[in-house]
Amino acid sequence: MLNLFHNKLTIMKHILFIIGSLRKNSFNRQLASIAEDLLKDRFNISYLDFSDIPYMNQDLESQQEHMTTSQQAVFRVRQEVLKADGIWIFTPEYNQSYPGLLKNLFDWLSRPMDVTNFANPTAVQGKKVTASGAGGKNKTTYCRAKLNDLLEYIKMDVMKEPQTGIALGMEAWVKGEFKLSEEQLKELKIQAEKFKEFLEK
Ligand SMILES: Cc1cc2nc3c(=O)[nH]c(=O)nc-3n(C[C@H](O)[C@H](O)[C@H](O)COP(=O)(O)O)c2cc1C
């Protein structure tokens, strides 16, 4: 997408949002939508749909003449990741870690796109990434610490600080939605600004 600013033609960078919850009224999706509002005048934002990728199975990695539907889903997801300048993950905490669906996604993304040689590039190596989360009283701290480790292990360029962690109140569960306090919104804005700088490095 093109952006005309001060008579200068610039190409807007693209941030891909990944949500670690499939829940229809996901609080993490709501958090992503607030972050999108903070960034959309300066970045092209899109959401990764990876609900159709299969569980990791090395049998599915072998290359055939015609890709199956699930192989096509993995191919599409890798292409979307490749195109992005940066990735922002919004995730709940499950049992003091990140949800299995994110582990499955990053297991697929950690593999070389062409498995005939393991020195071949993956879709994520060197890709800039950050994470935020809405969860219980730990503010997703354990989840994001483990997620940061995973992302670094697969050679992504991780912005570990600052990251926004939200402790959801009972009111959120009663209403099915939540509002950020001024302090939380400030935290999210700081993360958005720092991620913008991180993408420019
Ligand atoms: C299997 C499971 C385990 C959970 N474990 C934790 C946990 O360890 N810490 C925590 O803060 N919340 C935990 N929760 C609550 C989730 O963090 C909460 O449901 C989440 O904020 C919902 O996010 P979403 O609305 O984006 O789906 C758990 C929820 C599930 C389903």
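Here the structure is a predicted model, which means the values were calculated and not measured. (Residues numbered from 1 in each chain as written. Predicted model: local features only at pLDDT ≥ 70, side-chain atom pairs only at ≥ 80, totals over all residues. Heavy atoms only, no water.)

A.B. asks: Is there a simple way to think about unusual backbone geometry in this case?
C.D. replies: With the exception of glycine, the majority of residues adopt a negative phi angle, and the majority of peptide bonds are in the trans configuration. Note that the residue after E161, namely P162, is joined by a cis bond; omega there is -10 degrees. Mapped onto the elements, P162 comes out in the loop between β7 (157-159) and β8 (165-167). Even without a glycine there, the phi angle at Q96 is positive, about 60 degrees. In this fold, Q96 is placed in the loop between β5 (86-90) and α3 (100-109). Taking relative accessible area as the criterion, Q96 reaches 40% and is therefore assigned partly exposed. Positive phi is not limited to glycine here, since K155 has a value of about 70 degrees. Topologically, K155 is positioned in the loop between α4 (141-153) and β7. Judged by relative accessible area, which is 59%, K155 ranks as exposed. (Helix = DSSP H or I, 4+ residues; strand = E, 2+ residues; numbered from the N terminus. Buried < 20%, exposed > 50% of the residue type's maximum accessible area, 1.4 Å probe, protein only.)

A.B. asks: What exactly am I supposed to notice about the pairing of strand β6 (residues 128-135) here?
C.D. replies: It is a general feature of regular strands that their side chains alternate between the two faces of the sheet. Counting buried residues in β6 gives eight out of eight residues, a clear majority hidden from the surface. Here β6 shows no split at all, with K128, T130, S132 and A134 on one side and V129, A131, G133 and G135 on the other all buried. The pairing of β5 with β6 spans five bridges and is parallel. Bridge pairing links F90 to S132 in β6. Assessed by its sense of winding, the connection that carries the chain from β5 through α3 to β6 is right-handed. Alignment of β6 against β7, held across three bridges, turns out to be parallel. In the strand pairing of β7, V129 is matched with V158. Tracing the backbone out of β6, into α4 and back to the parallel element β7 gives a crossover that is right-handed. Two strands pair when backbone bridges link them, and β6 and β8 are joined in this way by three bridges, in the parallel orientation. Looking at β8, one finds that G135 is bridged to A167. (Pairing = 2+ DSSP bridges. Right-handed = clockwise from strand over helix to strand, strands pointing away.)

A.B. asks: What is the right way to read a nonpolar patch on the surface from this model?
C.D. replies: There is a patch of nonpolar side chains on the surface, built from M170, W173 and V174 and spanning about 410 Å² of accessible area. Among the structural elements, W173 can be located in helix α5 (residues 170-175). (Patch = residues over 30% accessible without salt bridge, like charges linked within 9 Å, V, L, I, M, F, W, Y side chains within 5 Å. Areas by Shrake-Rupley, 256 points an atom, 1.4 Å probe, with all protein chains shown as cover. Salt bridge = Lys/Arg side-chain N within 4 Å of Asp/Glu carboxyl O.)

A.B. asks: Even after reading the chapter, I still don't get the site of the ligand, so can you show me in this structure?
C.D. replies: The immediate surroundings of the ligand are formed by 15 residues, with S21, R23, S26, F27 and G136 found nearest. Here E93 contributes a side-chain N or O atom positioned 3.0 Å from a nitrogen atom of the ligand. Contact between the ligand and Q96: an oxygen atom at 2.9 Å from a main-chain N or O atom of the residue. Compared with its free state, where it exposes 630 Å², the ligand has 72% of that area covered by protein. Among the residues making up the shell around the ligand, the classes are represented as six nonpolar, seven polar and two charged. (Near = heavy atom within 4 Å. Polar contact = N/O pair within 3.5 Å; in protein donor to acceptor, adjacent residues only side chain to side chain. Nonpolar A, V, L, I, M, F, W, Y, C, P; charged D, E, K, R; others polar.)

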